[in-house]
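Analysis of the macromolecular model
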Amino acid sequence: MKQEIIRLDQLTMGTIKYSDITLIQEKETEIISSDSLWRGIHEYYNGLVKSNIGNGKKVILQIHSKKEFILLFMALIRTGACPIILPVSMTKNSANMLQKICSDNQDAIIMADDMGKVCVQTLLPDIKLPLLSIKEFVCQDENIETDYNDFSDNIADDVAFVIYSSGSTSEPKGVMVTHKGVIRMLQETAKILGLTKEDVLLSWLPVEHTFGLIYFLLLPIYVGCRQVHMATSMFAENPLTWLEQINHYRATVTAGPNFAYQIVLNNMTENCHWDLSCLRYILNGGEPISKKNLHKFLDANKQYQLKENCLIPIYGMTETSGAVVLNVPYREPDIDTKQVDTGIDFDLKSIDILKNDLVCQGKTINGCSIRVVDDFNRDLGQMKVGNIQFKGEFLCKGYLNKDNKDLFADGWLCTGDIGFLSGQNLYIVGRKKDMFFMHGKNIYMRDIEQIIFERYGVRSAACGENNAMEEKSKIYLFMELEISSAEYTKKKKEIIMFIQGETGIKLSDVIFKDDMFMTQVGKFSKAELLKKYKKQNCPEVNS
């Protein structure tokens, strides 16, 4: 009888039959066969054992090469070490983040490939932690391997790795993900999607992010099917490459956040030629989902044989080890938004704004419980807007080196998101951190962004700020729109008047940018946008 997989490190021990991993770069494609994958993990494992790196040792990864990241990450998991995952620090902002993480983890080491090492040394020349080249840990000597069972003391409830949240609205936090949480997520996701060894999973999402790591690296390894990774930069430079590669590799499952579908639509032309009949599922998650956006994408690609129900809304967090709510098979239940009430301080006018674009996120996966509560953690039941909480084996252990008292309530994970239940289906209406108190009422930034998208068809980021010195509350709107200097002032006034007419809110400023600060998966980093704006002291609209 096949041994049950209960720990993530068991995926590195040959208990699962690997399939090929294809890595697509701008100029070359590399295929990692099952044998070379196993051999690469094994060589890193030998070197780590020889250096006595295992059993909880914290290792901060700064690895640009996707191949080396995969091999070293899997080897570290096998030794029982604790990989701390974050993108290579290639900018000043990401370097500042790395510096904070190093300050909080002075017992850790940094492992980097050549590019990662150059970046760290250039941006953080005074780094205090040991900065080690991954080349030092490649060991092909079969004679030095320590018996695995003697070296790792992993149990299912242990932390498998730490992965940093995207930080779109606040300072990123290191989420401590457990072996049990990831394995249960892989088991349930494989069942829900009906995955087999015949499937091909393709992604352009970075493997340093939960979406890319769990669903497009670990899930296909668990199932034993093929995985294809595009360089994220390829999508950024030409979004249509995504659909071209789906057609080429006959991918059956792929994924992308909500913004990706609009970008593809903006770039499509009459010269597009692909066959998308192979796709069973496109997972849509990572940021608020627009029903209109979803339908436009499906309609535009019907001519290319895209299945009508293949675009699947999902909802989850790094803190839940992935998506715990999925709309599979995709459906849009009838719902009377007039029946929606609230159990918290929430303006129901937001429901009116969102009602035509309100997406059914679906039902929870097996083993996960959901409730919607008021601000005193009392269950609100059905059709009442409140705070969304989850309970189950998927939950993380908390944030690394942080006070976690506000993360859990009686064992329930506080997501920070606001929504309601209709039957077993979940609907998201906002995020608590994105709520702003102004002129005696709560304002949700998503409402402003939704109105802008419907009117102008572009993405935006509304950011609120309480100015204690001036005793004023201000809202700034950043729009992903390039405007000529001649039109700048006129367009700004037009948008301020439009938003004021629609919501009664007077924006303090509108900033047009074609180079918005992004998180690693393409979400706007509101914290960085506002920080840079304040630093530059841009002139504000007179009140």
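The structure this text deals with has already been given above.
These figures come from a predicted structure and were not determined experimentally. (Residues numbered from 1 in each chain as written. Predicted model: local features only at pLDDT ≥ 70, side-chain atom pairs only at ≥ 80, totals over all residues. Heavy atoms only, no water.)

**Quick word on the overall build of the protein chain**
- Helix and strand counts for the protein chain stand at 15 helices and 26 strands.
- The 543 residues of the protein chain split such that 57% are buried.
- In the protein chain, 70% of the contacts between residues at least 6 apart in sequence involve partners at least 24 apart.
- A total of about 23500 Å² of accessible surface is found on the protein chain, and carbon and sulfur atoms cover 48% of it. (Helix = DSSP H or I, 4+ residues; strand = E, 2+ residues; numbered from the N terminus. Buried < 20%, exposed > 50% of the residue type's maximum accessible area, 1.4 Å probe, protein only. Contact = heavy atoms within 4.5 Å. Areas by Shrake-Rupley, 256 points an atom, 1.4 Å probe, with all protein chains shown as cover.)

**Some words on the pattern of salt bridges**
- Applying the stated criterion across every chain, the model contains 16 salt bridges.
- The salt bridge involving R250 is made with D275; its shortest N-O contact spans 3.3 Å. Separated by 25 residues along the polypeptide, R250 in the loop between α9 (240-249) and β11 (253-256) and D275 in the loop between α10 (258-267) and β12 (281-284) bring together distant segments of the chain.
- Judged by its relative accessible area of 32%, R250 is partly exposed.
- The exposure class of D275 is partly exposed, given its relative accessible area of 27%. (Salt bridge = Lys/Arg side-chain N within 4 Å of Asp/Glu carboxyl O.)

**Re the nonpolar core**
- Membership of the largest hydrophobic core comes to 121 residues, with the highest contact counts inside it found for F73, M111, F161, L218 and W242.
- When near neighbours in sequence (up to four residues on either side) are disregarded, L218 contacts L8, L11, F73, M74, V182, L186 and L213.
- Counting 19 residues, the second-largest nonpolar core is a separate cluster that includes I60, C82, L129 and M176. (Core = buried A, V, L, I, M, F, W, Y, C linked by side-chain atoms within 4.5 Å.)

**Let's talk about the packing of helix α13 (residues 445-456) against helix α14 (residues 485-503)**
- Viewed as axis vectors pointing N to C, α13 and α14 meet at an angle of 120°, and their least axial separation amounts to 11 Å. Between α13 and α14, the angle is such that the two are oblique. Where α13 crosses over α14, the two elements pack in a sense that is right-handed. On α14, the residues touching I448, I451, I452, R455 and Y456 of α13 are K491, E494, I495, F498, I499, E502 and T503. (Axes fitted to C-alpha atoms, helices over the stretch in contact; angles between N-to-C directions. Parallel < 35°, antiparallel > 145°, perpendicular 65-115°, else oblique. Left-handed = near helix turned anticlockwise from the far one by under 90°.)

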